[in-house]
Amino acid sequence: MADQTHVLFVEDDDVIREATQLALERDGFAVTAMPDGLSGLEAFRTNRPDIALLDVMVPGLDGVSLCRRIRDESTVPVIMLSARADSIDVVLGLEAGADDYVTKPFDGAVLVARIRAVLRRFGHASGPDRAEEADPAADGAVLTFGDLEIDTEGMEVRKDGQPVALTPTEMRLLLEFSSAPGTVLSRDKLLERVWDYGWGGDTRVVDVHVQRLRQKIGQDRIETVRGFGYKLKA
């Protein structure tokens with residue numbers, strides 16, 4: 001297991017859980033599969049997986065609450081699984097700290113592709129999945145925007161001199177903005193650059209993460225340009 005990417009998979013449907021576990025293991029992942037949120041939280045704390053796949057509707061501790069508990073303790077990437085593309089499910093999961101979501105029923109190949117994309121962003125992938133990517137603003141500089149400082153080498157952010165805790169996805173999003181301050185970045189472009197989507201994605205992922213980032217660095221620091229996207233105020 002040490003050489004494999006370890007996936008925590010929490011799903012209460014026995015058929016889906018077993019079939020998905022087998023599919024992921026065939027693709028080279030080590031999988032710990034749990035049927036409910038409480039056992040999933042225990043497995044997370046015991047095994048410290050590289051990524052968590054959480055179904056929204058699981059008993060004991062629902063997937064959104066489990067995501068919040070995980071996020072309180074770790075920045076490990078989280079993908080939510082939902083039987084519906086319902087706005088409430090999606091937004092609640094992302095607001096809880098999830099990095100992406102997949103709607104059920106899903107194709108196994110699509111799920112694996114989304115997992116690999118998230119792992120590449122976080123640098124957790126092993127073997128052929130690990131890609132050396134240049135960070136969009138990684139030139140060793142400390143960038144300053146008013147009371148906001150971004151250390152692109154140390155991957156640290158400070159506001160008014162105080163450290164700001166960002167998830168890896170939020171950090172990559174901020175780096176994209178800071179690499180081109182004042183330039184409008186479309187939601188599709190951000191999906192491509194930050195989420196590594198080589199296909200059309202749900203722009204709600206971008207909107208919720210921008211909202212979370214604003215809460216941490218200042219509501220007026222990232223400006224919405226209606227009909228086009230977002231830009232960082234220089």
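Details of the structure are given in the entry above.
Residues numbered from 1 in each chain as written. Predicted model: local features only at pLDDT ≥ 70, side-chain atom pairs only at ≥ 80, totals over all residues. Heavy atoms only, no water.

Visitor: Where do I start with the packing of helix 6 (residues 168-179) against helix 7 (residues 187-194) in this structure?
Guide: Axis angle and axis distance: for two packed helices, these are the angle between their axes and the distance between the axes, and together they describe the pair. For the pair helix 6 and helix 7, interaxial distance at closest approach is 10 Å and the crossing angle is 125°. With respect to helix 7, the axis of helix 6 lies oblique. In the packing of helix 6 onto helix 7, the handedness of the crossing is right-handed. Touching Thr-169, Arg-172, Leu-173, Glu-176 and Phe-177 of helix 6 are Leu-190, Arg-193 and Val-194, all from helix 7. Of the residues assigned to the contact of helix 6 with helix 7, the class counts are four nonpolar, one polar and three charged. (Axes fitted to C-alpha atoms, helices over the stretch in contact; angles between N-to-C directions. Helix = DSSP H or I, 4+ residues; strand = E, 2+ residues; numbered from the N terminus. Parallel < 35°, antiparallel > 145°, perpendicular 65-115°, else oblique. Left-handed = near helix turned anticlockwise from the far one by under 90°. Contact = heavy atoms within 4.5 Å. Nonpolar A, V, L, I, M, F, W, Y, C, P; charged D, E, K, R; others polar.)

Visitor: Can you walk me through helix 7 in this structure?
Guide: Quick reminder: α-helices carry 3.6 residues per turn. Residues three or four places apart thus point the same way. Every buried residue belonging to helix 7 is among Leu-190, Leu-191 and Val-194, and all of these are buried. Viewed along the axis of helix 7, the buried residues span an arc of 105°, placing them on a single side of the element. Residues of helix 7 that are buried sit in contact with helix 5 (108-122), helix 6, helix 8 (204-217) and strand 11 (229-232). Phi turns positive one or two residues past the end of helix 7, at Asp-196, with a value near 60°. (Buried < 20%, exposed > 50% of the residue type's maximum accessible area, 1.4 Å probe, protein only. Arc of directions from axis to C-beta.)

Visitor: Help me understand helix 5 in this model?
Guide: The first and last C-alpha atoms of helix 5 sit 21 Å apart over 15 residues, in line with the 21 Å expected at 1.5 Å per residue. For helix 5, every residue scored as buried is listed here: Leu-111, Val-112, Arg-114, Ile-115, Arg-116, Ala-117, Val-118, Leu-119, Arg-121 and Phe-122. Close packing links the buried residues of helix 5 with helix 1 (14-26), strand 3 (51-55), strand 4 (78-82), strand 5 (100-103), helix 6 and helix 7. A distance of 2.8 Å separates the backbone nitrogen of Ala-109 from a side-chain oxygen at the start of helix 5, and that oxygen is part of Asp-107. Just downstream of helix 5 lies Gly-123, where phi reads positive at about 75°. (Expected span 1.5 Å × (residues − 1). Polar contact = N/O pair within 3.5 Å; in protein donor to acceptor, adjacent residues only side chain to side chain.)

Visitor: Could you clarify how one ought to interpret the pattern of salt bridges in this entry?
Guide: Pairing between side chains of opposite charge can happen when the charged atoms of each approach one another. Counting across every chain of the model gives 19 salt bridges. Of the charged contacts, one joins Lys-104 and Asp-55 as a salt bridge, the two residues approaching to 3.1 Å between their closest N and O atoms. With Lys-104 in the loop between strand 5 and helix 5 and Asp-55 in strand 3, the pair connects residues that are 49 residues apart, well separated along the chain. Where Arg-221 meets Asp-147, a salt bridge forms, and the shortest distance between an N and an O atom there is 3.5 Å. Of this pair, Arg-221 sits in the loop between helix 8 and strand 10 (222-225) while Asp-147 is found in the loop between strand 6 (142-145) and strand 7 (148-151), placing the two residues 74 residues apart along the sequence. Taken together, the shared-partner salt bridges in this structure form one network comprising Asp-147, Lys-159, Asp-160 and Arg-221. (Salt bridge = Lys/Arg side-chain N within 4 Å of Asp/Glu carboxyl O.)

Visitor: Explain the environment of Asp-202 to me, please; I cannot follow it from the model alone.
Guide: For Asp-202, the location among the structural elements is in the loop between helix 7 and helix 8. Distance in space between the C-alpha atoms of Asp-202 and Asp-100 is 9.5 Å, their sequence separation being 102 residues. Excluding anything up to four places from it in sequence, Asp-202 contacts Tyr-101, Leu-191 and Tyr-197.

Visitor: Looking at this model, I keep getting lost on the sheet that holds strand 3. Mind explaining?
Guide: Hydrogen bonds between backbone groups are what pair the strands of a sheet, and the pairing can be parallel or antiparallel. Read from one edge of the open sheet, five strands run 2-1-3-4-5, paired in parallel fashion. A single partner strand is all that each edge strand has here, and the edge strands are strand 2 (30-34) and strand 5. Taking the axes of each pair of neighbouring strands and ignoring which way they run, one obtains an average angle of 20° across the sheet. (Pairing = 2+ DSSP bridges.)

Visitor: What am I meant to see in the packing of helix 2 (residues 37-47) against helix 3 (residues 63-73) here?
Guide: Interhelical geometry of helix 2 versus helix 3 gives an angle of 20° and a closest axis separation of 10 Å. By the angle between their directions, the pair helix 2 and helix 3 is classed as roughly parallel. Regarding helix 2 and helix 3, the two cross each other, and that crossing is right-handed. Residue-level contacts link Gly-37, Gly-40, Leu-41, Phe-44 and Arg-45 of helix 2 to Leu-66, Arg-69, Ile-70 and Glu-73 of helix 3.

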